[in-house]
There are 4 protein chains.
Amino acid sequence: MENIAVDLLGQRGVAVDDMAELVLRLQTQYNSSLTLDKCRHTVMAVLTKREVQHAVITGITLDKMAERAALDEPLGSLVRGDDPLFGMDKSLGLAIVNVYGSIGLSNYGFLAQERPGVLARLGQRPGFVSTFLDDIVAAIVAASCARLAHQAEGAVAVP
Amino acid sequence: MENIAVDLLGQRGVAVDDMAELVLRLQTQYNSSLTLDKCRHTVMAVLTKREVQHAVITGITLDKMAERAALDEPLGSLVRGDDPLFGMDKSLGLAIVNVYGSIGLSNYGFLAQERPGVLARLGQRPGFVSTFLDDIVAAIVAASCARLAHQAEGAVAVP
Amino acid sequence: MENIAVDLLGQRGVAVDDMAELVLRLQTQYNSSLTLDKCRHTVMAVLTKREVQHAVITGITLDKMAERAALDEPLGSLVRGDDPLFGMDKSLGLAIVNVYGSIGLSNYGFLAQERPGVLARLGQRPGFVSTFLDDIVAAIVAASCARLAHQAEGAVAVP
Amino acid sequence: MENIAVDLLGQRGVAVDDMAELVLRLQTQYNSSLTLDKCRHTVMAVLTKREVQHAVITGITLDKMAERAALDEPLGSLVRGDDPLFGMDKSLGLAIVNVYGSIGLSNYGFLAQERPGVLARLGQRPGFVSTFLDDIVAAIVAASCARLAHQAEGAVAVP
């Protein structure tokens, strides 16, 4: 299933490198020897987790089907509207972040609100539905930062 | 939107009274003067919350569309399969439970695992997809118990 | 117990008005007629919730006792160190945010990372332990914003 | 820090084998070739996770200090009272469970409510405070079951 998550993200205009660049930008202040290659490897490791794959598949499918008006109503309108009160997108992002513990929470919220890098781009395509994608990408980047932070400490064997 | 949640649950064979009966069964040991009518009122109050309504709409729509093979693959198969590793159903249930705080967590897990009352019935209809419905019903009952517990203490004004 | 939460926050240098000002700053873009008085009322309503009170009591007590070296080791050192990998402070903040649903998550993360207003001040007092306080304040502000957003929509009766 | 978590649990009367036995009891229906030794290994792997260690240290320290009346009030009374409305014990348990994804949630709730095996014993010692310990043990067992379930599927590389 790993390729499905990477493929679905790619179909929606988000490459692994887009996410790796955000990880590098956020973590370089804590670890000046961090490379884009290491970030890329970390994002891929996060995308290998089953909980993450299920969240990517669920969220992106909802976005895509809402976009082509294939979801039953009122869910289609709720997803297309991206109402800040919808909440299901954030619940799904939280499921991703939690896989590396609560330390990813502040990066997740920061990215979802400030929308740097690829996240800025996602919001600017007319007719493109990214209600879940926004939170999925922010959550994958935040989880990747959390994974790096745990590894930097060394003591943690994530078995 | 309140009627949409009640309507969707009703379409899937779950009446407000089915949930109220489970609430009564779980809470009567703590409050012997509790009535079915009070439980019914509590379930309705939970179903008025927007986060709960959004979760009901999202989850039941996914079940219904998976059932009639209208979801894109592989999401359709994941929802139909109800793989215990899927996890998105539980994330959505958690979003409902959390609205009345973490005290609903143990009732939620207990109901999801033991499947008393209406929950037993849901699993026995051939061809009927209740991957999300099971967790939604368990979560609404657990949230209702949490709401009653908070009220029984009196001191809590849930404003 | 309501006064205990307000009192504990006040003892640690955080007034209800400090939090109300952050709410106003974050929400004024969505609601230009919002007043500080309305924000103050909202923060107080959040502080009335039992889950919030328990989190405030637990977190601030841990901070205070760690500060005066009264916690058993290694917990005392973990709380004093405010290691970004500690995580318990974020779990407790999440319990507060969740009371108004997942929509508060991005404000919570943003505040925890950017530290505007009173949050900037908290980190600058030598010897002052605010490991939990930082997350508690960010979470109360985020929950207050979520409560306002729900109310602005009107349809939500938070019963 | 691994030994600190095992040591703290042992000091409170919970051996790794007590938890491994509960894992075996819950999972044997899904995997008849599962052994106690495999369960023991899995519990140890869960106890190696930093988020889990921090939760164990925080929760058991609160129990122990509440027991000897060393916590500031009203936190001491809240922890000693084990009020079902307290909630912080469940938030901390949730942080442990989430490390292996939401699939552990129903086992966690079931164990917290039904209290089989070592959990039954914990509640029967007069003067012994196990407000957090109960939820910690239930959560470690549930997380261990989730880890086994992910591994049984084979496809998951938890890197």
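Looking at the overall build of chain A
Scanning chain A from N- to C-terminus turns up 9 helices and 0 strands. Element order for chain A, N to C, with α for helix and β for strand: α-α-α-α-α-α-α-α-α. Projected onto its principal axes, the C-alpha coordinates of chain A cover approximately 50 × 30 × 30 Å. For chain A, buried positions account for 62% of its 159 residues. At a minimum sequence separation of 6, the contacts of chain A that also span at least 24 residues come to 74%. Total accessible area on chain A stands at roughly 5400 Å², and carbon and sulfur atoms take up 49% of it.

Examining the interface of chain A and chain C
Bring the parts together and some accessible area is lost; that lost area is often taken as the interface size. At the interface, 23 residues of chain A touch 23 residues of chain C. Together chain A and chain C conceal approximately 1800 Å² of surface at their shared face, both sides included; 68% is due to carbon and sulfur atoms. If you sort the residues of chain A by the area they bury against chain C, Leu85(A), Leu105(A) and Gln113(A) come out on top, with a joint share of 31%. Where chain A touches chain C, the interface holds 0 salt bridges. Counting every contact that joins chain A to chain C gives 4 residue pairs in polar contact (both at pLDDT 80 or more). Going through the elements one at a time, helix 6 (88-97), helix 7 (105-114) and helix 9 (131-153) of chain A are the ones with two or more residues in the side of chain A that touches chain C.

Focus on the pattern of salt bridges
Summed over all chains, the structure comprises 28 salt bridges over all chains. When the shortest N-O distance is used, the salt bridge between Arg121(A) and Asp18(A) registers 3.3 Å. Here Arg121(A) is found in helix 8 (residues 118-122), whereas its partner Asp18(A) is found in helix 2 (residues 16-27), with 103 residues between them in sequence. Taking the shortest distance from any N to any O, the salt bridge between Arg40(D) and Asp37(D) comes out at 2.8 Å. Highlighted residues: Arg40(D) and Asp37(D), both in helix 3 (residues 36-47), separated by 3 residues, approximately one helical turn. Through salt bridges with shared partners, a single network forms among Asp17(A), Asp37(A) and Arg40(A).

Quick look at the interface of chain D and chain B
In this complex, chain D contributes 23 residues to the contact, which on the side of chain B involves 23 residues. The contact between chain D and chain B buries some 1800 Å² in all, and 68% of this surface belongs to carbon and sulfur atoms. Looking at the side of chain D facing chain B, the largest losses of area belong to Leu85(D), Leu105(D) and Gln113(D), adding up to 30% of the total buried there. On the surface where chain D and chain B come into contact, there are 0 salt bridges. At the boundary of chain D and chain B, one finds 4 residue pairs in polar contact (both at pLDDT 80 or more). In terms of residue count, helix 7 (residues 105-114) of chain D provides more of the side of chain D that touches chain B than any other element does, 9 residues in total. Classifying every residue of the side of chain D that touches chain B gives 11 nonpolar, 8 polar and 4 charged.

Looking at the environment of Gly117(B)
All names here are of chain B. Within the fold, Gly-117 resides in the loop between helix 7 (105-114) and helix 8 (118-122). Counting along the chain gives 98 residues from Gly-117 to Met-19, while the straight-line C-alpha distance between them is 8.6 Å. When sequence neighbours within four positions are dropped, the list of residues in contact with Gly-117 reads Leu-22 and Arg-25.

Here's the deal with the environment of Val99(B)
Relative to the helices and strands, Val99(B) resides in the loop between helix 6 (88-97) and helix 7. Judged by its relative accessible area of 5%, Val99(B) falls in the buried class. For the pair Val99(B) and Ser130(B), spaced 31 residues apart in sequence, the C-alpha to C-alpha distance is 22 Å. Contact partners of Val99(B), with chain neighbours within four places excluded, come to Lys49(B), Glu51(B), Asn98(C) and Val99(C).

Examining the packing of aromatic side chains
Taken as a whole and assessed by the stated rule, the structure comprises 4 aromatic pairs over all chains. On the basis of an interplanar angle of 90° and a centroid distance of 5.9 Å, the ring pair of Phe86(B) and Phe132(B) is categorised as edge-to-face. Of the two residues, Phe86(B) is situated in the loop between helix 5 (75-81) and helix 6 and Phe132(B) in helix 9 (residues 131-153); the sequence distance between them amounts to 46 residues. Take Phe86(B) and Phe132(B): they sit in the same class, and that class is buried. When the ring centre of Tyr100(D) is taken as reference, the NZ or CZ atom of Lys49(D) above it lies at 5.0 Å. When the ring centre of Phe128(D) is taken as origin, the NZ or CZ atom of Arg125(D), which lies over that ring, is 4.0 Å away.

A closer look at the environment of Ala20(D)
Residue and element names in this part refer to chain D. Among the secondary structure elements, Ala-20 is positioned in helix 2 (residues 16-27). Classification of Ala-20 by relative accessible area gives buried; the value is 0%. Counting along the chain gives 43 residues from Ala-20 to Asp-63, while the straight-line C-alpha distance between them is 23 Å. Here Ala-20 is in contact with Leu-36, Cys-39, Arg-40 and Val-43, once residues within four sequence places are set aside.

Comments concerning the relation of the copies chain D and chain B
Least-squares fitting of chain D to chain B yields an RMSD of 0.0 Å, with the superposition described by an axial translation of 0.0 Å and a rotation of 180°. These values place the two chain copies in the arrangement generated by a two-fold rotation axis. Interface overlap between copies is the fraction of interface residues in one copy that are interface residues in the other; for chain D against chain B it reaches 100%, indicating a shared surface.

Some points on the packing of helix 4 (residues 50-67) of chain B against helix 6 of chain B
Angle between the axes and distance between the axes: these two values describe a pair of packed helices. Residue and element names in this part refer to chain B. At a closest axis distance of 9 Å, the pairing of helix 4 and helix 6 adopts a crossing angle of 160°. Regarding the angle of helix 4 to helix 6, the classification is roughly antiparallel. You can see that helix 4 and helix 6 cross each other, and the crossing is left-handed. Across the interface between the two elements, Glu-51, Val-52, Ala-55, Thr-58 and Gly-59 of helix 4 pack against Leu-92, Ala-95 and Ile-96 of helix 6. Across the contact of helix 4 with helix 6, the residue classes break down as 5 nonpolar, 2 polar and 1 charged.

As for helix 2 of chain D
Counting along an α-helix, one turn takes 3.6 residues, and residues three or four places apart therefore face a common direction. In this model helix 2 of chain D runs 16 Å from its N-terminal to its C-terminal C-alpha over 12 residues, within 8% of the 16 Å that 1.5 Å per residue would give. Of the residues making up helix 2 of chain D, those classed as buried are Val16(D), Asp18(D), Met19(D), Ala20(D), Leu22(D), Val23(D), Leu26(D) and Gln27(D).

So, the confidence of the model for chain A
The predicted structure's coordinates, where accompanied by low pLDDT, should not be read in detail. All names here are of chain A. Averaged over all residues, the pLDDT of chain A is 90; the fraction at 70 or higher stands at 94%. Confidence drops under a pLDDT of 50 for residues 155-159, and excluding neighbours within four residues, the segment shows 11 contacts in the predicted structure. This complex was scored by the predictor with a pTM of 0.90 and an ipTM of 0.91.

Calculation criteria
- Residues numbered from 1 in each chain as written.
- Chains lettered and ligands numbered in written order.
- Predicted model: local features only at pLDDT ≥ 70, side-chain atom pairs only at ≥ 80, totals over all residues.
- Heavy atoms only, no water.
- Helix = DSSP H or I, 4+ residues; strand = E, 2+ residues; numbered from the N terminus.
- Buried < 20%, exposed > 50% of the residue type's maximum accessible area, 1.4 Å probe, protein only.
- Contact = heavy atoms within 4.5 Å.
- Areas by Shrake-Rupley, 256 points an atom, 1.4 Å probe, with all protein chains shown as cover.
- Buried area = accessible area lost by both parts, 1.4 Å probe.
- Salt bridge = Lys/Arg side-chain N within 4 Å of Asp/Glu carboxyl O.
- Polar contact = N/O pair within 3.5 Å; in protein donor to acceptor, adjacent residues only side chain to side chain.
- Nonpolar A, V, L, I, M, F, W, Y, C, P; charged D, E, K, R; others polar.
- Phe/Tyr/Trp six-rings, centres within 6.5 Å; stacked < 30°, edge-to-face > 60°.
- Lys NZ or Arg CZ within 6 Å of the ring centre and 35° of its normal.
- Least-squares fit on C-alpha atoms with pLDDT ≥ 70 in both.
- Axes fitted to C-alpha atoms, helices over the stretch in contact; angles between N-to-C directions.
- Parallel < 35°, antiparallel > 145°, perpendicular 65-115°, else oblique.
- Left-handed = near helix turned anticlockwise from the far one by under 90°.
- Expected span 1.5 Å × (residues − 1).
- pLDDT = per-residue confidence, 0-100.

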